[in-house]
Amino acid sequence: MSKLDSQDVPGRRITVTVNGVERRAWCADRTLLAHFVREQLALPGTHVGCMNGDCGACTVIVDGAIVKSCLQLAAAADGAEITTVEGLGEPGNLHPVQEAFWAEDGFQCGFCLPGHLLVALKLAEQQGDPSEEEIRAALAGNLCRCTGYQSIVAAVQRAIRQTEGT
Amino acid sequence: MDLMRPRAAATESDPPRRRDGELILSGRGDYLDDVRIPGLTYAAFVRSPHPHARVRGFRTAAAEAHSGVLRVLTGREAAERIGPIPHFFSPTNVGGKTTDFECLASTEVYYVGQPVAAVVATDPGDAEAAAELVEVDYDVLPPVLDAHQALQSGAPQAFSHWDDNLVVRVAFNEGDVAEAFESAPHVLRDRVKIQRYGTSPLEPRGYIAQWNPDGRLVVRASTQMPHPLRSALAAMFDLPETAVRVIAPRLGGAFGHKFHGYPEEGALCLLSRLVRAPVKWLERREDAMLVGAREMEHDLAIAFDDEGVILGLRDSIVCDVGALGTSAGWGMAFVAAMTFPGPYRVPAYDVESLVVVTNKAPWNGARGFGKESACLALERAVDLVAAELSLDAAEVRRRNFIPSTAFPYWTASKRLDSGDYQAVLDKALALGDYPELVERRRQARAAGRLAGVGIAFELTPEGGDFPGGLARGFDTSTVRMDPAGSVTVLTGVTSPGTGNETAIGQLVAAELGVSFDRVRVVQGDTDTTPYGFGNGSSRSLNLGGGAAVLAAREVRAKLVAAAAVALECDPGCIALDKDTVFREGGAQMPISDLARFVYTTSIAHPAVPYQHLEATCSYAPEQNLLHQPDSAGRTSSYPTFSNSAHVCAVEVDEHTGQVTLASYAAVDDCGVIVNPILVRGQLLGAIAMGIGGALWEEARFDDRGHPVATSFKNYLVPRSVDLPAIRVGHHTTPSPFTLLGTKGAGEGGVAGAVAAVCNAVNDAIAPLGARVSKMPLSAPNVLRAIREVTK
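Thresholds applied
Residues numbered from 1 in each chain as written. Chains lettered and ligands numbered in written order. Predicted model: local features only at pLDDT ≥ 70, side-chain atom pairs only at ≥ 80, totals over all residues. Heavy atoms only, no water. Domains from an automatic or database assignment. Contact = heavy atoms within 4.5 Å. Buried area = accessible area lost by both parts, 1.4 Å probe. Salt bridge = Lys/Arg side-chain N within 4 Å of Asp/Glu carboxyl O. Helix = DSSP H or I, 4+ residues; strand = E, 2+ residues; numbered from the N terminus. Pairing = 2+ DSSP bridges. Axes fitted to C-alpha atoms, helices over the stretch in contact; angles between N-to-C directions. 1 Å grid on protein atoms, 1.4 Å probe; cavity = no way out; pocket = protein on both sides within 12 Å on 5 of 7 lines; lining within 4 Å. Points joined across faces, edges and corners; volume = space filled by probe spheres on them. Nonpolar A, V, L, I, M, F, W, Y, C, P; charged D, E, K, R; others polar. Buried < 20%, exposed > 50% of the residue type's maximum accessible area, 1.4 Å probe, protein only. Arc of directions from axis to C-beta. Polar contact = N/O pair within 3.5 Å; in protein donor to acceptor, adjacent residues only side chain to side chain. Phe/Tyr/Trp six-rings, centres within 6.5 Å; stacked < 30°, edge-to-face > 60°.

**Regarding the domain arrangement of chain B**
Residues and elements named next belong to chain B.
1) Next: Domain assignment breaks chain B into domain 1 (21-29 + 474-619) and domain 2 (415-464 + 638-790).
2) Next: Placing the centre of domain 1 and that of domain 2 at their C-alpha centroids yields a distance of 39 Å.
3) Next: Contacts between the two partners involve 17 residues from domain 1 and, on the opposite side, 19 residues from domain 2.
4) Next: Buried area between domain 1 and domain 2, both sides added, is near 1,300 Å², and the carbon and sulfur share of it is 56%.
5) Next: Contact with domain 2 buries surface across domain 1, with Ser 537, Ser 538 and Asn 542 losing the most and accounting together for 40% of the total.
6) Next: The tally of links between domain 1 and domain 2 comes to zero salt bridges.
7) Next: Elements supplying a minimum of two residues to the side of domain 1 that touches domain 2: α15 (500-512) and α16 (540-566).
8) Next: If one sorts the elements of the side of domain 1 that touches domain 2 by residue count, α16 sits on top with seven residues.

**What about the sheet that holds strand β10 (residues 217-221) of chain B?**
Adjacent strands of a sheet pair through backbone hydrogen bonds, lying either parallel or antiparallel.
All names here are of chain B.
1) Next: Strands sit in the order β3-β5-β1-β12-β9-β10-β11 across an open sheet of seven strands; the sheet is mixed. Of all the strands in the sheet, the pair left with one neighbour each is β3 (69-74) and β11 (244-247). When strand polarity is set aside, the average angle formed by the axes of neighbouring strands in this sheet is 20 degrees.
2) Next: Here strand β9 (residues 206-211) runs beside β10; their pairing, made up of five bridges, is antiparallel. Residue Ile 208 lies in a different strand from β10, and its bridge partner there is Arg 220.
3) Next: Against the sheet, helix α4 (residues 124-133) engages β1 (41-47), β3 and β5 (115-121), with an angle of about 25 degrees to β1.
4) Next: Taken strand by strand, helix α7 (residues 226-237) contacts β9, β10 and β11, and its axis lies near 145 degrees from that of β11.

**Concerning empty space enclosed by the protein**
All names here are of chain B.
1) Next: In this structure the tally under the stated criterion is seven cavities of 30 Å³ or more.
2) Next: Computed from the structure, the largest cavity encloses a volume of approximately 280 Å³.
3) Next: Tyr 111, Tyr 262, Pro 263, Glu 264 and Pro 362 are, among the 26 residues lining the largest cavity, the residues nearest its centre.
4) Next: The class makeup of the residues in the lining of the largest cavity is 13 nonpolar, seven polar and six charged.

**Here's the deal with α4 of chain B**
All names here are of chain B.
1) Next: Buried within α4 we find Asp 126, Ala 127, Ala 130 and Ala 131. Buried residues of α4 fall within an arc of 135 degrees about the axis and therefore sit on the same side.
2) Next: On its buried face, α4 is in contact with β1, α2 (61-65), β3 and β5.
3) Next: Two or three places before Gly 125, at the opening of α4, Asp 123 has a side-chain oxygen 2.7 Å from that residue's backbone nitrogen.

**A word on the interface of chain A and chain B**
1) Next: Contact with chain A, which involves 52 residues of that partner, is made by 56 residues of chain B.
2) Next: Between chain A and chain B the total buried area reaches about 4,500 Å² when both faces are included, carbon and sulfur atoms providing 52% of it.
3) Next: Considering only the surface of chain A that becomes buried against chain B, Trp 102, Arg 145 and Gln 150 of chain A emerge as the three largest contributors, covering 19% of it.
4) Next: Joining chain A to chain B, the criterion identifies eight salt bridges.

**Let's talk about the domain arrangement of chain A**
Reports often express the size of an interface as the amount of accessible area lost when the parts come together.
All names here are of chain A.
1) Next: Here the domain parsing of chain A yields domain 1 (3-85) and domain 2 (96-163).
2) Next: Taking only C-alpha atoms into account, the centre of domain 1 sits 23 Å from that of domain 2.
3) Next: Contacts between domain 1 and domain 2 engage 17 residues on the former and 14 residues on the latter.
4) Next: Of the roughly 1,100 Å² buried between domain 1 and domain 2, counting both surfaces, carbon and sulfur atoms make up 67%.
5) Next: Along the contact surface separating domain 1 from domain 2 lie zero salt bridges.
6) Next: Across the contact surface, domain 1 and domain 2 share six residue pairs in polar contact (both at pLDDT 80 or more).
7) Next: Elements represented by at least two residues in the side of domain 1 that touches domain 2 include exactly β3 (59-62) and β4 (65-68).
8) Next: By residue number, the principal contributor to the side of domain 1 that touches domain 2 is β3, which donates three residues.
9) Next: Classifying every residue of the side of domain 1 that touches domain 2 gives seven nonpolar, eight polar and two charged.

**A closer look at the sheet that holds strand β5 (residues 81-83) of chain A**
Residues and elements named next belong to chain A.
1) Next: Pairing within the open sheet is mixed, and its five strands lie in the order β2-β1-β5-β3-β4. The two strands at the open ends of the sheet, each matched to only one other strand, are β2 (21-28) and β4. Recorded for the sheet is a direction-independent mean angle of 40 degrees between the axes of neighbouring strands.
2) Next: In terms of strand pairing, β3 meets β4 through four bridges, oriented antiparallel. Considered in β4, the bridge of Ile 61 is made with Ile 66.
3) Next: Where helix α1 (residues 33-40) meets the sheet, it contacts β1 (11-18), β2, β3 and β5, and its direction lies at approximately 115 degrees from that of β2.
4) Next: The sheet strands contacting helix α3 (residues 113-125) are β3, β4 and β5, and the helix crosses β3 at an angle near 35 degrees.

**As for unusual backbone geometry**
Apart from glycine, the bulk of residues carry a negative phi angle, and the bulk of peptide bonds sit in the trans form.
1) Next: Cis geometry marks the peptide bond from Phe 340 of chain B to Pro 341 of chain B, where omega comes out at -5 degrees.
2) Next: With respect to the helices, strands and loops of the structure, Pro 341 of chain B is situated in the loop between α10 (331-339) and β15 (349-356).
3) Next: Omega for the peptide link from Met 775 of chain B to Pro 776 of chain B comes to 0 degrees, which places this bond in the cis form.
4) Next: Structurally, Pro 776 of chain B is set in the loop between α19 (750-765) and α20 (779-790).
5) Next: Here the phi dihedral of Ala 42 of chain A falls at roughly 55 degrees; this positive angle occurs in a residue that is not glycine.
6) Next: Here Ala 42 of chain A is to be found in the loop between α1 and β3.
7) Next: For Ala 42 of chain A, a relative accessible area of 52% puts it in the exposed group.
8) Next: Here the phi dihedral of Lys 578 of chain B falls at roughly 50 degrees; this positive angle occurs in a residue that is not glycine.
9) Next: Secondary-structure assignment places Lys 578 of chain B in the loop between β22 (574-577) and β23 (580-583).
10) Next: What makes Lys 578 of chain B exposed here is its relative accessible area of 64%.

**Quick notes on the environment of Met 775 of chain B**
1) Next: Here Met 775 of chain B shows up in the loop between α19 and α20.
2) Next: Sequence separation between Met 775 of chain B and Leu 695 of chain B is 80 residues, and the spatial gap between their C-alpha atoms is 7.6 Å.

**Side note on the packing of aromatic side chains**
All names here are of chain B.
1) Next: Overall, the coordinates contain 21 aromatic pairs over all chains when judged by the stated rule.
2) Next: Residues Phe 89 and Phe 466 carry aromatic rings whose centres are separated by 5.8 Å and whose planes lie at 65 degrees to one another, so their mutual orientation is edge-to-face. Of this pair, Phe 89 sits in the loop between α3 (75-81) and β4 (108-109) while Phe 466 sits in the loop between β18 (450-462) and β19 (475-481), and the two are 377 residues apart along the sequence. The pair formed by Phe 89 and Phe 466 is uniform in burial state, with each residue classed as buried.
3) Next: Geometrically, the ring pair formed by Tyr 110 and Phe 159 is tilted, given 4.4 Å between the ring centres and 50 degrees between the ring planes. Of this pair, Tyr 110 sits in the loop between β4 and β5 while Phe 159 sits in the loop between α5 (147-151) and β7 (166-174), and the two are 49 residues apart along the sequence.

Below, the structure written as structure tokens:
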């Protein structure tokens, strides 16, 4: 059994609202939010690529802010509202942002995708009309090694168009 | 219609989107780290802190006493329980030498980061903490950290039991080079150094090894080559291959990083056997950054006439392959030399590659696979010719290209299949607005800024076939239609995340006349798929796709024969399309009814073929592979050659050395295109990777042999803000030697990008009289080059 779910190290029970559902779970004090989401909440869509805050594959939204979940302790998220990639849409009922990424071929291997999708979601929700430069700046914290970002930028632009006025 | 061409070939107006998009987009990708197995335990490795040392002994008591620890395994103990790691491709296959490489070093370590011991614990944190407690006694030995130094007599030995540090020298030559250089009106020399850097897929490697109660070893591995990994593990444990199953889940990128041959692979299987539980290990980013590639220095000379026509070429490439290891990496040194003289007609050339070991972590494959190094050197040379004669860089390339009428075209080591290099370059110049870039450069220079335009042409040998190892130029696919008319494709090629499963599904659907959604493509499980050589060398569509088309055609023939019985007509009157079987000018039936008819009626009805709707075919473009030298001494280990032209513009800050990429355009010829969305994505990604290598990425070591680049904070890969919008286009000349007319997509683009950016930066600083050919063109390196001439 992993210590992540044992209680023989210092820890606490925390309550978070994840993708609209209230979840109560135990976490060791040393547990990072990325591992809490993946293991304790069994939401493996949040990926771990560097454990250093550099790559952005572990991006989640915490109380409305883009957060790299490998840089935050789970205990610090007690009471927070968290959105992970699983909160967008599911097979057969994708969110328009997900549809936009599919339509524009905005991913290849998909490992960076949770981060790019959630940044796109934030941009789309802001209902602005960002320039390509501004979109690239918004994506600067999220690495992709497959696409060269071009199709990701196009996907974000499409996502913004598709969510206009919704 | 050419019957050999794939029915799905190309110009489909509405190609299908990526397979499994809904799963990947919704966080249900099922990557290695997402696999849930009960009773999982976790490994951590103890790694050498020295670049070179003798291992004297281990003290493990403190680690064993750490909470949660199940087992500590030292190199000493491992050596008694597991054989050496088989080579991906041994240097001995090309006349070189090697040594035994262990999963955990027992007597000598060759690089910082080499595993010497391992710990298994019930929690990954405990495993890491306990690994810190393993004490290893070393006698430090002098390391050799530079390949040039390593070649000098009296240099330290990277492996203390070798007599020197040279693994092998490979050479390719043609014509009378001495005579060409003697009689040439012009000769220029340059030294071009490409730095050590890897590929950094966003998902690092990972493995879960377990032994089933029946004695079978089951390994889940983020690997590009499940079958060859199975072969290697079976050899290490002296097991029949049937007792080993390797499953590759969805990969989060690979680019060569996930070729097999790593020490952790066997070590984890041994650990799992010892603790009698599944053992998991995930590569940390700093571990991933140990893996080297590409560190090569070219000592280059080019002879040419007054018109810029190349008369001769010499290159001696010194390749610092680190501590060799058992992965594919060192092969890049071979391929770099073999790629010469690229797209040019060069009557006399002599190119050698020296494979040199040093005390740095070994290489593994890296997208480009040495072809980027060759391209960089060649394209620098062509630009030097243009500058020397004050000719336009595009014009010099025109004067030297192998003409489109000359294919197939032999060089010493390859037979180029087809191409129209001039047309590809012209298209790229148009797409990149070359005249406009030249005008803007003029304006920028007039305003006192350093602006440059760079051109490069890349030739990319694809689908390599290397007898003597398990890196072959053929692959195998099975196509099966079930009684309900659904289709399963099982193929030996794997996808690292590029989407070849989408294109293979498209090919099979078109051959059988069924809808794309009816076809399922299965990859990456050695219990399920035919033995195959996985992913690499842009081989997936060329070989796995070719094999799938052949198998689909066999199934189609069975369907047509049965349909002729069911619809009472001549087989020639049957058409399969849109999930329906048509009789010319009359009756029709759903394909599912026909499949059911075959399964339920054969034997009972003597005219219905007594065969399952299943076929397995292998495919190799063997017409263009030649391993026994012909009468002229020529061989060819690659069957097809994609190519691309690149045009870019940069500005350089004279005071900081900072390079800004202002525009980029490229056109490729990857032969017939099956899915333009996927091919475009491959080209864009390859170019981005090439730009990253040209400008920023560098796996540096300090002068004590310790890696400096250990995270994305000091190993800089391109971010969205670092890259301009990239314009890409295609020009298609089908390969006459591949079944589908494809040449391979995926690898092409890296090399041209490295070279085009380098040429542009050199063009920008040329007015100062400066030149830079030490990569990457990071601000410090460019500034150093500027200061050398402006001080």
